[in-house]
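Structural overview for review
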Protein chains: 4
Amino acid sequence: MINGTRLTKSAIRWGMVGGGKGSQIGYVHRSAALRDGYFDLKAGAFDLDPDRGRAFGVDLGLDPDRCYPDYGAMFAAESARPDGIRCVTVATPNNTHYPITRAALLAGLHVICEKPLTFTTAEALDLQAIAAERGLVVGVTYGYSGHQMIEEAARLVADGTLGEIRIVNLQFAHGFHSQAVEGDSPATRWRVDPAFAGPSYVLGDLATHPLYIAGVICPDLRIKRLLCSRQSFVASRAPLEDNATVLMEYDTGAVGTCWTSAVNAGAMHSQKVRVVGSKGSIEWWDEHPNQLRLEIQGEPARLLDRGMPYLHPQALADDRIGAGHPEGLFDAWANLHYRFALAIEAHEDRDPSGVAGLRYPGIAAGVEGVRWVEHCVRSADAGGVWVDYA
Amino acid sequence: MINGTRLTKSAIRWGMVGGGKGSQIGYVHRSAALRDGYFDLKAGAFDLDPDRGRAFGVDLGLDPDRCYPDYGAMFAAESARPDGIRCVTVATPNNTHYPITRAALLAGLHVICEKPLTFTTAEALDLQAIAAERGLVVGVTYGYSGHQMIEEAARLVADGTLGEIRIVNLQFAHGFHSQAVEGDSPATRWRVDPAFAGPSYVLGDLATHPLYIAGVICPDLRIKRLLCSRQSFVASRAPLEDNATVLMEYDTGAVGTCWTSAVNAGAMHSQKVRVVGSKGSIEWWDEHPNQLRLEIQGEPARLLDRGMPYLHPQALADDRIGAGHPEGLFDAWANLHYRFALAIEAHEDRDPSGVAGLRYPGIAAGVEGVRWVEHCVRSADAGGVWVDYA
Amino acid sequence: MINGTRLTKSAIRWGMVGGGKGSQIGYVHRSAALRDGYFDLKAGAFDLDPDRGRAFGVDLGLDPDRCYPDYGAMFAAESARPDGIRCVTVATPNNTHYPITRAALLAGLHVICEKPLTFTTAEALDLQAIAAERGLVVGVTYGYSGHQMIEEAARLVADGTLGEIRIVNLQFAHGFHSQAVEGDSPATRWRVDPAFAGPSYVLGDLATHPLYIAGVICPDLRIKRLLCSRQSFVASRAPLEDNATVLMEYDTGAVGTCWTSAVNAGAMHSQKVRVVGSKGSIEWWDEHPNQLRLEIQGEPARLLDRGMPYLHPQALADDRIGAGHPEGLFDAWANLHYRFALAIEAHEDRDPSGVAGLRYPGIAAGVEGVRWVEHCVRSADAGGVWVDYA
Amino acid sequence: MINGTRLTKSAIRWGMVGGGKGSQIGYVHRSAALRDGYFDLKAGAFDLDPDRGRAFGVDLGLDPDRCYPDYGAMFAAESARPDGIRCVTVATPNNTHYPITRAALLAGLHVICEKPLTFTTAEALDLQAIAAERGLVVGVTYGYSGHQMIEEAARLVADGTLGEIRIVNLQFAHGFHSQAVEGDSPATRWRVDPAFAGPSYVLGDLATHPLYIAGVICPDLRIKRLLCSRQSFVASRAPLEDNATVLMEYDTGAVGTCWTSAVNAGAMHSQKVRVVGSKGSIEWWDEHPNQLRLEIQGEPARLLDRGMPYLHPQALADDRIGAGHPEGLFDAWANLHYRFALAIEAHEDRDPSGVAGLRYPGIAAGVEGVRWVEHCVRSADAGGVWVDYA
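What you see is a predicted model; the values in this text were computed from it and never measured. (Residues numbered from 1 in each chain as written. Chains lettered and ligands numbered in written order. Predicted model: local features only at pLDDT ≥ 70, side-chain atom pairs only at ≥ 80, totals over all residues.)

**Focus on the overall build of chain A**
- Helix and strand content of chain A: 12 helices and 14 strands.
- Computed over the C-alpha atoms, the radius of gyration of chain A is 21 Å, within 12% of the 21 Å expected from 2.2 N^0.38 for a compact globule of 390 residues.
- C-alpha extents for chain A along the principal axes are approximately 65 × 50 × 40 Å.
- Out of the 390 residues belonging to chain A, those deemed buried represent 61%. (Helix = DSSP H or I, 4+ residues; strand = E, 2+ residues; numbered from the N terminus. Rg over C-alpha atoms; globule rule 2.2 N^0.38 Å. Buried ≥ 20, exposed ≤ 12 C-beta atoms within 10 Å, placed from the backbone.)

**As for the confidence of the model for chain A**
- For chain A, per-residue confidence averages 96 on the pLDDT scale, and residues scoring 70 or more make up 100% of the total.
- Predicted as a complex, the structure gets a pTM of 0.97 and an ipTM equal to 0.96. (pLDDT = per-residue confidence, 0-100.)

**Focus: the interface of chain D and chain B**
- Between chain D and chain B, the contact holds 10 residues from the first and 10 residues from the second.
- Counting residues per element, the side of chain D that touches chain B draws most heavily on strand β13 (residues 301-305) of chain D, which supplies 4 residues.
- Here the residues of the side of chain D that touches chain B are counted per class, giving 7 nonpolar, 1 polar and 2 charged.
- As defined by bridge partners, strand β13 (residues 301-305) of chain B adjoins β13(D) across 3 bridges and the pair is classed as antiparallel. Bridge pairing in β13(D) places B:Arg302 opposite D:Arg302. (Contact = placed C-beta atoms within 7 Å. Nonpolar A, V, L, I, M, F, W, Y, C, P; charged D, E, K, R; others polar. Pairing = 2+ DSSP bridges.)

**Observations regarding the UniProt feature "domain: Gfo/Idh/MocA-like oxidoreductase C-terminal" (unreviewed entry) in chain A**
- UniProt tags residues 155-387 of chain A as "domain: Gfo/Idh/MocA-like oxidoreductase C-terminal" (unreviewed entry).
- Regarding residues 155-387 of chain A, the helix share stands at 30% and the strand share at 25%, and the terminal C-alpha atoms are separated by 31 Å. (UniProt positions renumbered as here; feature names shortened; annotations may be inferred.)

**Overview of the domain arrangement of chain A**
All names here are of chain A.
- Assigned domains of chain A: these are domain 1 (12-144 + 341-360) and domain 2 (148-316 + 367-388).
- The partner domain 2 presents 20 residues to the 16 residues of domain 1 that form the contact.
- Classifying every residue of the side of domain 1 that touches domain 2 by side-chain character gives 8 nonpolar, 6 polar and 2 charged. (Domains from an automatic or database assignment.)

**Looking at the UniProt feature "domain: Gfo/Idh/MocA-like oxidoreductase N-terminal" (unreviewed entry) in chain A**
- The UniProt record marks residues 12-142 of chain A with the feature "domain: Gfo/Idh/MocA-like oxidoreductase N-terminal" (unreviewed entry), using the residue numbering of this structure.
- Annotation note: span residues 12-142 of chain A, helix share 42%, strand share 20%, distance between end C-alpha atoms 21 Å.

**Topic: the relation of the copies chain D and chain B**
- The two copies are related by a screw motion: chain D maps onto chain B through a turn of 180° and a shift of 0.0 Å along the axis, at an RMSD of 0.0 Å. What the rotation and shift describe, once combined, is the action of a two-fold rotation axis. Of the C-alpha atoms belonging to chain D, the one lying closest to the rotation axis is found on D:Arg302, 2.3 Å away.
- The share of interface residues of chain D whose copies in chain B are also at the interface is 100%, consistent with both copies meeting through the same surface. (Least-squares fit on C-alpha atoms with pLDDT ≥ 70 in both.)

**Considering helix α12 (residues 363-381) of chain A**
All names here are of chain A.
- Along its 19 residues, α12 runs 27 Å from first to last C-alpha, staying within 8% of the 27 Å computed at 1.5 Å per residue.
- Counting buried positions along α12 gives 15 out of 19 residues, so the element sits mostly inside the fold.
- Immediately beyond the C-terminal end of α12, within one or two residues, lies Gly-383, with a positive phi of roughly 100°. (Expected span 1.5 Å × (residues − 1).)

Structure below.
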């Protein structure tokens with residue numbers, strides 16, 4: 001049960017790159033990091049416009065001197081201060097994730113970064129190597145994975161309730177971009193521009209979320225090969241896809257599918273994860289994240305609810321409020337952030353093994369997302385052929 | 001509104017092959033055909049065991065002389081009678097559909113046949129040619145298509161409510177055969193034996209249902225190529241699959257997917273059809289067939305209910321009871337059968353154009369189902385490659 | 001499993017009063033009675049207009065001589081025939097139920113009657129006495145009770161799964177008459193006219209359905225006192241109510257509520273029955289009658305599905321088709337009718353005890369519905385006061 | 001859109017009474033108040049045990065000198081400081097709400113108090129008089145009302161979408177206390193002890209929530225009379241009820257019902273509000289608070305989703321994250337608290353009219369809840385009779 005008592009020794013001095021005035025995701029990051037005092041916002045390079053960035057930071061209560069015109073200046077100045085930030089969050093468009101994260105790591109900072117971590121697997125592996133060498137944490141904000149029922153799903157698989165896993169069906173298919181709304185929406189525009197978004201739109205922006213969750217739930221499955229078909233139903237988005245389907249074969253003989261779309265007209269999120277085993281299945285839907293459906297063949301379907309004593313203890317650990325009360329996206333993100341904080345402290349204490357059982361999307365998850373998108377794009381661009389996964 | 005008043009001039013004298021003692025599907029056929037007096041059961045070759053078949057027929061009130069030991073005897077005797085049957089229903093295992101239907105057509109009988117119509121497209125085309133030449137109807141029991149909301153879905157597509165169709169997602173994935181239950185269940189055993197079932201299990205047995213419905217809803221889509229991946233999770237079923245995924249590309253640029261399974265553990269039917277257009281989507285689920293979900297992008301999702309005046313008139317035509325009351329599978333099958341009867345009468349009157357607008361699964365639907373399965377199997381057996389659809 | 005094999009020795013020769021041209025409920029009665037050959041329609045007084053009634057009967061295939069101008073003529077003629085009808089269904093407006101049923105019983109006929117059986121308890125008891133004296137069956141068409149999950153609910157209560165019953169919440173509250181649609185709808189008009197409908201509208205027309213179901217599920221509860229508040233939101237309907245709420249106290253200390261309405265705007269049926277015990281609850285909803293929700297305190301909610309082997313054997317007895325396939329209202333009504341037939345045969349054989357365990361809404365249920373409405377009206381008309389139930 | 005930018009001029013210096021170690025509700029209060037910097041926790045009397053209270057406060061980062069042994073000491077000391085707290089939250093058992101709130105008001109503090117505000121209407125009116133005289137805000141934590149779809153519901157009623165309101169159906173009926181769990185649960189024990197809980201259990205603890213929401217949605221309805229029936233199914237709880245039903249008549253001719261229970265075995269929350277008008281209905285359920293069901297008679301039911309542009313602007317004002325993402329209880333509580341802060345600032349500025357349109361549960365809502373419970377108890381204890389509402 002989370003009750004506001006901080007589990008780390010101290011609040012982590014923290015800064016942000018991006019996430020300034022008008023940024024919705026910046027607010028989500030701050031809400032999650034500041035919850036329960038795990039992080040303490042001390043510095044920021046919030047905006048490409050330095051004045052606007054400084055004004056924004058001051059409004060948040062920062063020292064004006066620690067509101068920087070750009071991330072380079074921030075990393076230089078903060079690493080020179082004895083009370084400088086220990087961690088930075090990168091909440092900028094995709095194309096900047098790699099250079100900013102790299103610079104932060106080289107400046108000795110832990111990093112919390114939006115996905116996708118980079119455009120290429122090579123870049124992601126470069127970050128992984130730097131982080132490993134310097135003992136730094138890179139947290140990737142697969143925020144949905146902070147919902148407690150994901151933990152329950154993982155435990156049901158781990159304890160054999162479902163039997164041998166056979167099928168993984170993933171979906172994240174909304175309809176908000178059924179038309180070329182990017183004409184009027186700057187927040188959408190960069191997502192469909194390869195210069196800013198990278199090699200994919202919905203595969204990277206949406207599909208990697210349920211992909212990461214599937215990895216949490218089924219840690220033993222390794223993709224052997226995959227095939228992707230992608231479309232740009234709003235033609236001006238080509239080569240970036242607004243719809244894609246991926247088939248996966250795992251090394252155990254299990255199979256998977258993933259449908260991701262921004263043109264699933266009329267749908268809200270439709271992020272769903274269904275895992276089918278030889279004995280039963282689980283299904284989770286992010287629009288009603290406090291429930292998990294458990295279906296054992298030959299038994300009535302069961303609706304599991306967050307916070308109930310029948311859940312595995314690990315699925316109860318992050319409750320903030322009793323069963324029946326809904327928790328939402330902000331709570332899930334906050335769950336990620338306290339784990340990031342625990343990991344950071346353990347790394348600073350040179351005792352990462354102390355958080356060995358801690359489940360959070362770290363650098364390996366970041367690398368995996370990039371690698372998966374890369375394979376999908378390669379398959380799709382070759383006409384929808386099977387590509388071996390390596 | 002269907003109210004028990006028969007729309008044909010007379011009840012059609014009718015016989016059955018198979019569907020005898022212990023057959024569930026035989027009961028479904030009789031319930032549907034006899035509803036409202038469209039068909040009049042006069043003869044049968046109900047069982048491989050002639051005595052048991054005769055006893056069964058007599059129990060149903062048939063003249064013992066018209067309870068035949070086999071279909072050959074029945075077709076010969078009945079076609080010699082002035083009051084002989086005009087139509088026969090074939091409710092036998094898959095491997096016999098082709099020879100029995102062929103013999104019936106050659107004996108001048110209209111046929112109602114279980115799917116799949118045949119094992120090969122060549123055989124199906126042979127039946128189509130014979131039926132066309134003789135002016136006979138072949139009805140194929142894609143029973144779910146008789147639900148009224150399918151008609152509403154078709155009208156919503158036809159009137160442009162959804163915009164241009166982009167995506168068709170099909171699913172029929174139950175979990176009843178997650179284990180090798182065929183060891184104890186004769187009704188399941190033949191379905192996983194290629195000698196009786198043909199080249200596929202779930203693709204033919206399950207997936208062709210939503211495939212046909214998709215064709216009703218989106219009559220303008222033509223498959224250009226497809227790719228199928230199939231698995232035998234219960235290994236003893238190989239080469240027949242108990243799980244498969246199909247990707248389809250249509251000539252309009254639309255795409256489709258189909259997931260079919262008998263090992264979706266814990267699921268009941270999970271037959272779902274979702275059609276996504278540029279403006280909105282519809283979704284139908286066979287377990288709650290009286291509802292249709294309509295989602296227009298930017299508007300609240302709407303739940304349409306059978307029988308309501310806001311539906312298209314054609315979707316109201318087959319109501320048997322007011323809105324709010326659920327209709328079920330038997331009612332849907334009965335809807336198919338009265339259309340079969342209307343088609344038969346029109347053909348006998350040599351006026352098939354008189355029922356030109358009548359929607360029912362005829363020989364073309366039968367051929368299409370066989371052709372689709374054939375392509376799926378070819379793709380899957382080549383390793384899951386794209387095959388052109390012809 | 002119902003498979004079309006009749007369980008009675010013979011089909012019951014059967015007639016109808018009312019239910020002629022344009023009658024929806026007449027079609028429902030015929031569909032249910034003729035299903036599987038339990039009844040054989042031989043005579044009718046279908047219409048107040050004799051010619052129209054005769055034409056209707058002839059269209060149904062009846063002997064013109066057995067299409068009667070009125071029920072009196074029918075009962076007289078049929079009881080004089082050696083092959084006369086044995087049972088008659090009364091599908092006329094409420095005000096005629098009592099005289100017609102009485103006349104039928106006096107003519108020695110078993111009766112199947114629409115509810116409410118009569119306007120007053122005294123009349124209902126009169127019918128009960130006559131039926132008892134003559135050994136005749138009176139079946140009352142509480143059709144929803146034929147759904148199989150009602151049987152499962154009853155078994156879950158009987159075997160103690162829910163613990164001691166504490167609360168019964170009933171609801172049948174649609175919105176179709178939110179406005180004064182009776183101006184344009186003759187089928188609605190008589191229902192809101194006391195001369196034809198009796199002392200109540202929704203209490204008798206709707207609420208007695210879940211009331212009967214509650215009695216099936218909780219046979220041990222006896223109402224001790226009740227209180228009713230009723231409203232005529234469409235003022236022209238007064239004194240008949242289009243909305244009412246009833247509070248009930250049972251002799252065990254359990255309590256109940258019932259909300260019934262025809263002005264629950266936008267709702268379809270909303271017929272729901274929830275039974276709460278000390279350990280758990282069940283909830284059933286007639287719009288999705290193939291499911292039953294079982295909630296045991298401290299365990300995940302369970303969704304039970306019709307046809308599944310985990311159900312009580314008695315809840316499986318009336319399946320007509322495998323699990324996953326929806327059955328509907330017509331199937332539920334047919335289930336009632338085969339039980340009526342079994343009861344009739346047992347009574348004719350002077351062995352009513354032979355069907356002692358047979359669950360069907362008989363004369364006692366008919367009496368109880370009338371008595372309950374009478375008490376509700378008395379309470380409401382006194383200003384919504386508690387009235388003792390006797 | 002809420003984005004972390006504080007709308008008040010300053011953070012409000014704030015203290016707490018109760019809500020210390022082990023208190024779940026204390027954490028909810030702090031999470032809500034501290035979100036986005038509206039309140040700044042400066043003092044507390046967290047615990048009956050002064051040492052434990054001080055340790056708890058210090059852990060939260062408070063000055064040890066401002067961790068007080070009791071509320072009297074806190075109010076005295078803080079009101080003497082130039083930088084003393086301006087507002088205090090009362091998160092203690094029910095019996096202490098009145099004296100603490102009274103003392104706080106007399107010390108010149110704004111108050112945020114758990115419901116019920118007091119045990120009697122006289123006490124509540126006393127607080128109202130003091131608050132009015134001194135220009136102080138009393139906020140009552142009807143937290144569910146902070147969900148945005150409540151605002152949408154209110155707007156749909158206000159703009160006439162539903163027509164004239166006829167029926168209000170309220171429900172808050174969980175099953176967590178189906179057994180006498182208070183034996184093992186101190187948090188439950190005081191709630192069923194009249195000395196601590198006051199004259200009611202579920203009426204005050206649960207039912208006042210949907211009652212307040214109904215008032216927000218239907219501000220024009222005034223209760224004319226009501227009737228309550230209450231039970232103690234766990235007998236040791238008597239005279240406090242664990243189940244109750246209330247009938248209400250409004251001065252417009254509309255009627256209402258409320259079912260509240262702690263023994264609705266197997267149910268999670270089941271807090272539902274349904275408002276029925278002459279044209280349509282709305283229904284909201286607190287377990288899925290981001291949705292609102294809108295049913296217009298004769299049209300398909302609509303599912304409205306939080307954050308969508310089709311909502312009324314006022315229902316979009318409090319979004320923290322885009323549509324599709326679920327918000328939860330903590331977000332709803334935070335919404336209440338920023339409104340409390342706005343109200344407090346306006347009162348301190350002696351310009352309450354500046355927040356005239358601001359919707360929050362203030363002292364009037366607190367009085368109304370107490371008054372309603374008082375009437376319910378009086379009705380129930382008289383045997384379930386109608387009592388005039390005054």
